[in-house]
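Results of the structural survey
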Amino acid sequence: MDTLMTLAADPAVWAALITLIVMEVVLGIDNLVFISILSNKLPPEHRTKARRVGIGLALVMRLALLSTLAFIVGLTAPVFELPWQGALDEHGKPAWEMVFSWRDLILIVGGLFLVWKATTEIHHSVDPTPNDDVFDTKTAAAKNFGAAIVQIIMLDLVFSIDSILTAVGMTEHLPVMVIAVIVAVAVMMIAADPLADFIHNNPTVVMLALGFLLMIGAVLIADGFGVHVPKGYIYAAMAFSGLVEGLNMWSRNAAKKRAALGQDATKH
């Protein structure tokens, strides 16, 4: 209790907490988009449950990983290396290295899975003769629900490790990390249904979100190979793309209103 009171009285701790909460919320957006896309493929009566289970598992994983910080930090230790590296930059450091830790391997596998999943979903969306899943029995619904949860768990693990390593790099106080993670997951829980409904009701946003997942998967793979792309660039690109899509939606709605007004004028 004394330790918590001491931390609460330190302005630097509050600054770290606020910064970490923002970072965790931003990092959680990727996870939430993936959960939204997967849950929207389920029957309507199972979608909310899948989101709640997925986000709940994300919280459990993050808190479990926080309880094993020594293990998590150990994931960054080199496991093996290959005798290749990229060209040296002006500081004498290679552009990329073939030195792999468990974290790198997890990021590469998770990135490959994300690229595969996003590519599959894009193909499903543009296929002129789609083979739609038919949820006409409880068995089929349960099977697809289970498959969605398994995929969510896989990506939860990847995003959770990335999230916790970010937290460890920003503060050394475990209570601050725990509070930031809980607040970030609570925000995800609140935003889950509105975001999923928005994605479901706007098909072009689905394609944009799948493009985001492709980019995130590529960044995870690059990070696993030691090519670190600043996250600020990634989220700035996503924000700009979202802004352009918002303008497109605004334009389409305005065109529909003009067409409706024109029809009314013709009738009169």
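Nothing here was measured: the structure is a model prediction, and the numbers come from that model. (Residues numbered from 1 in each chain as written. Predicted model: local features only at pLDDT ≥ 70, side-chain atom pairs only at ≥ 80, totals over all residues. Heavy atoms only, no water.)

1. Observations concerning the nonpolar core
By size, the foremost hydrophobic cluster in this structure holds 50 residues, and its most contacted members are F34, I55, L114 and L213. Looking at this core, the elements with two or more residues in it are α2 (11-39), α3 (44-66), α5 (102-126), α6 (138-170), α7 (174-201), α8 (203-224) and α9 (231-267). (Core = buried A, V, L, I, M, F, W, Y, C linked by side-chain atoms within 4.5 Å. Buried < 20%, exposed > 50% of the residue type's maximum accessible area, 1.4 Å probe, protein only. Helix = DSSP H or I, 4+ residues; strand = E, 2+ residues; numbered from the N terminus.)

2. With respect to the side chain of S36
Of note, S36 is situated in helix α2. Its relative accessible area of 0% is what places S36 among the buried residues. Non-local contacts of S36, meaning those with residues more than four positions away in its chain, are made with A192, L195, A196 and I199. (Contact = heavy atoms within 4.5 Å.)

3. A few points about the side chain of N40
Summarising the element assignment, N40 is placed in the loop between α2 and α3. Only 3.0 Å separates the side chain of N40 from the side chain of R51, close enough to count as a polar contact. Setting aside its immediate chain neighbours within four residues, N40 contacts R47, R51, A196, I199 and H200. (Polar contact = N/O pair within 3.5 Å; in protein donor to acceptor, adjacent residues only side chain to side chain.)

4. Regarding α8
The end-to-end C-alpha distance of α8, which contains 22 residues, comes to 32 Å, matching closely the 32 Å that a straight helix rising 1.5 Å per residue would cover. Where α8 is concerned, the buried positions are V205, A209, L210, F212, L213, I216, G217, V219, L220, I221, D223 and G224. After α8 finishes, the residue G226 shows a positive phi value of roughly 90°. (Expected span 1.5 Å × (residues − 1).)

5. Examining the environment of M23
Within the secondary structure layout, M23 lies in helix α2. C-alpha separation for the pair M23 and T166, spaced 143 residues apart in sequence, amounts to 8.2 Å.

6. Some remarks on the packing of α2 against α7
Packing of α2 against α7 leaves a shortest axis separation of 8 Å and a crossing angle of 35°. Read as a crossing pair, α2 and α7 show a hand that is right-handed. Its residues assigned to classes, the contact of α2 with α7 comprises 21 nonpolar, 3 polar and 1 charged. (Axes fitted to C-alpha atoms, helices over the stretch in contact; angles between N-to-C directions. Left-handed = near helix turned anticlockwise from the far one by under 90°. Nonpolar A, V, L, I, M, F, W, Y, C, P; charged D, E, K, R; others polar.)

7. Some points on the pattern of salt bridges
Here the idea is simple: oppositely charged side chains can pair when their charged atoms come close. All chains considered together, the criterion is met by 7 salt bridges. Taking the shortest distance from any N to any O, the salt bridge between D104 and R103 comes out at 3.6 Å. Like D104, the residue R103 is buried in the burial classification. The partner of E245 in a salt bridge is R252, and the shortest N-O contact between them spans 3.2 Å. Here R252 falls in the partly exposed class, since its relative accessible area comes to 36%. Look at the salt bridges and you will find they share partners, linking K41, K117 and E121 into a network. (Salt bridge = Lys/Arg side-chain N within 4 Å of Asp/Glu carboxyl O.)

8. Some words on the packing of aromatic side chains
Aromatic ring pairs are reported here in terms of the distance separating the ring centres and the angle at which the planes meet. All told, the structure shown has 3 aromatic pairs when counted by the stated rule. Taking the centre distance of 5.8 Å and the plane angle of 40° together, the rings of F113 and W116 count as tilted. Taken together, the residues span about one helical turn, with F113 and W116 both in helix α5 at a distance of 3 residues. Overall, F113 belongs to the buried group, its relative accessible area being 14%. One aromatic cluster is present, built from ring pairs that chain together F34, F113 and W116. (Phe/Tyr/Trp six-rings, centres within 6.5 Å; stacked < 30°, edge-to-face > 60°.)

Don't take any of this as a statement about function, it's just geometry.
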